[in-house]
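Residue-level listing of the chains:
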Amino acid sequence: MAPVAATTERANDRANVGARSDRSAELVAAAIAVVAGGSLDALDAASVAREAGVSKALVYYYFPTHLDLQAAVLRSAAEDLLEAIAHAVTAAAPAGTPITAGLDAAVAYIERHPAAYVALARTAGYHPKLSEVFEFARDGVVDLMATAFGIDEPTQRQRIALRSWIALAEEAVLHWIVADRPIERSEIVDYCRAVAEFVATTPLAR
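Quick caveat: nothing in here was measured; it's all calculated off a predicted structure.

A. Region of the structure containing the side chain of glutamine 70. Of note, glutamine 70 is situated in helix 4 (residues 66-92). Residue classification places glutamine 70 among the buried positions, given a relative accessible area of 11%.

Quick look at the structure:
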């Protein structure tokens, strides 16, 4: 193959990969919109196709199974949540308030996307593929909040403490969402921080 032809073919391959990635992202965005209007149970190829204005065949091309579609939505929600927390923790570090900032960012994200987060938290046990996404999210939150606490490399003991705290905080926030936010968001954030401060005093967290 001539050098020019080979270079052109590689450029076309990169363009095709980029186009596929863009189309996949568009379909995931449409799927998230479907979930936001109902629940993860309402998600199927037909509803995504209607939302995106494409054929069901195209949805199946990118996401061959219902499980693939669910996992893509949950992965996107997890990545967005982690990005929000990371930005807040980094921005608040100079002021010495990264824990509160990280918690507030997390709760604010969940408040904006309740259906996606409820799905992320509640469907982990349905299939190993969904459990993998849940663990990705949970480990990511542990690492970010460890950073907020000033812990560079949490030990296994500290990870146990952090995961137990995050599970409690998550349950409190989920109940707050399901109960239609009966108290102010700031109260939930303050409660979760108070629990975190208590957990930090236990032997396991040291």
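Structure shown, so let's carry the discussion forward.
B. A look at the packing of helix 6 (residues 114-122) against helix 8 (residues 156-178). Running from N to C, helix 6 and helix 8 point in directions that differ by 135°, and their axes come no closer than 11 Å. Classified by the angle between their axes, helix 6 and helix 8 sit oblique to one another. Along this stretch, helix 6 crosses helix 8, giving a crossing that reads as left-handed. Counted together, Pro114, Tyr117, Val118, Ala121 and Arg122 of helix 6 and Glu170, Glu171, Leu174 and Ile177 of helix 8 form the full contact between these two elements. The residue makeup of the contact of helix 6 with helix 8, split by class, is six nonpolar, no polar and three charged.

C. Structural view of the side chain of aspartate 68. Here aspartate 68 is to be found in helix 4. The class of aspartate 68 is buried, set by a relative accessible area of 18%.

D. Layout of the nonpolar core. Ranked by size, the top nonpolar core spans 63 residues in total, and within it Leu43, Val48, Ile85, Met145, Trp165 and Val173 carry the most contacts. Mapped by element, the contributors of at least two residues to this core are helix 1 (3-36), helix 2 (45-52), helix 4, helix 5 (98-112), helix 6, helix 7 (128-148), helix 8 and helix 9 (185-199). Look past the residues within four positions of leucine 43 in its chain and what remains in contact with it is Ala31, Val34, Val35, Val48, His66, Leu69, Gln70 and Val73.

E. How the structure looks around unusual backbone geometry. Phi is positive for aspartate 180, close to 65°, though the residue is something other than glycine. Tracing the chain through its elements places aspartate 180 in the loop between helix 8 and helix 9. Located in the positive-phi region is arginine 181, a residue other than glycine, with phi close to 55°. Tracing the chain through its elements places arginine 181 in the loop between helix 8 and helix 9. Given a relative accessible area of 30%, arginine 181 falls into the partly exposed group.

F. Focus on the packing of aromatic side chains. Following the criterion strictly, the structure yields two aromatic pairs and no others. Between tyrosine 61 and tyrosine 62, the ring centres sit 5.0 Å apart and the planes meet at 90°, which makes this aromatic pair edge-to-face. By relative accessible area, tyrosine 61 is classed as exposed at 57%. Plain terms: the ring middles of phenylalanine 149 and tryptophan 165 are 5.9 Å apart, the flat faces sit at 80° to each other, and that makes the pair edge-to-face. Of this pair, phenylalanine 149 sits in the loop between helix 7 and helix 8 while tryptophan 165 sits in helix 8; the two residues are 16 residues apart in sequence, bridging distant segments of the chain. If you follow arginine 75 out to its NZ or CZ, it ends over the ring of phenylalanine 136, 3.7 Å from the centre.

G. Fine view of the environment of glutamate 79. Along the polypeptide, glutamate 79 turns up in helix 4. Judged by its relative accessible area of 39%, glutamate 79 is partly exposed. Through-space distance from the C-alpha of glutamate 79 to that of valine 133 is 9.7 Å; in sequence the pair is 54 residues apart.

H. Main features of the environment of tyrosine 117. Considering the arrangement of structural elements, one finds tyrosine 117 in helix 6. We classify tyrosine 117 as buried; its relative accessible area is 9%. With 81 residues separating them along the chain, tyrosine 117 and alanine 36 place their C-alpha atoms 9.9 Å apart. Setting aside chain neighbours within four positions, we find tyrosine 117 in contact with Leu81, Ile110, Glu170 and Leu174.

Rules of the game
- Residues numbered from 1 in each chain as written.
- Predicted model: local features only at pLDDT ≥ 70, side-chain atom pairs only at ≥ 80, totals over all residues.
- Heavy atoms only, no water.
- Helix = DSSP H or I, 4+ residues; strand = E, 2+ residues; numbered from the N terminus.
- Buried < 20%, exposed > 50% of the residue type's maximum accessible area, 1.4 Å probe, protein only.
- Axes fitted to C-alpha atoms, helices over the stretch in contact; angles between N-to-C directions.
- Parallel < 35°, antiparallel > 145°, perpendicular 65-115°, else oblique.
- Left-handed = near helix turned anticlockwise from the far one by under 90°.
- Contact = heavy atoms within 4.5 Å.
- Nonpolar A, V, L, I, M, F, W, Y, C, P; charged D, E, K, R; others polar.
- Core = buried A, V, L, I, M, F, W, Y, C linked by side-chain atoms within 4.5 Å.
- Phe/Tyr/Trp six-rings, centres within 6.5 Å; stacked < 30°, edge-to-face > 60°.
- Lys NZ or Arg CZ within 6 Å of the ring centre and 35° of its normal.

Scope: geometric values only; no functional claims are made or implied.
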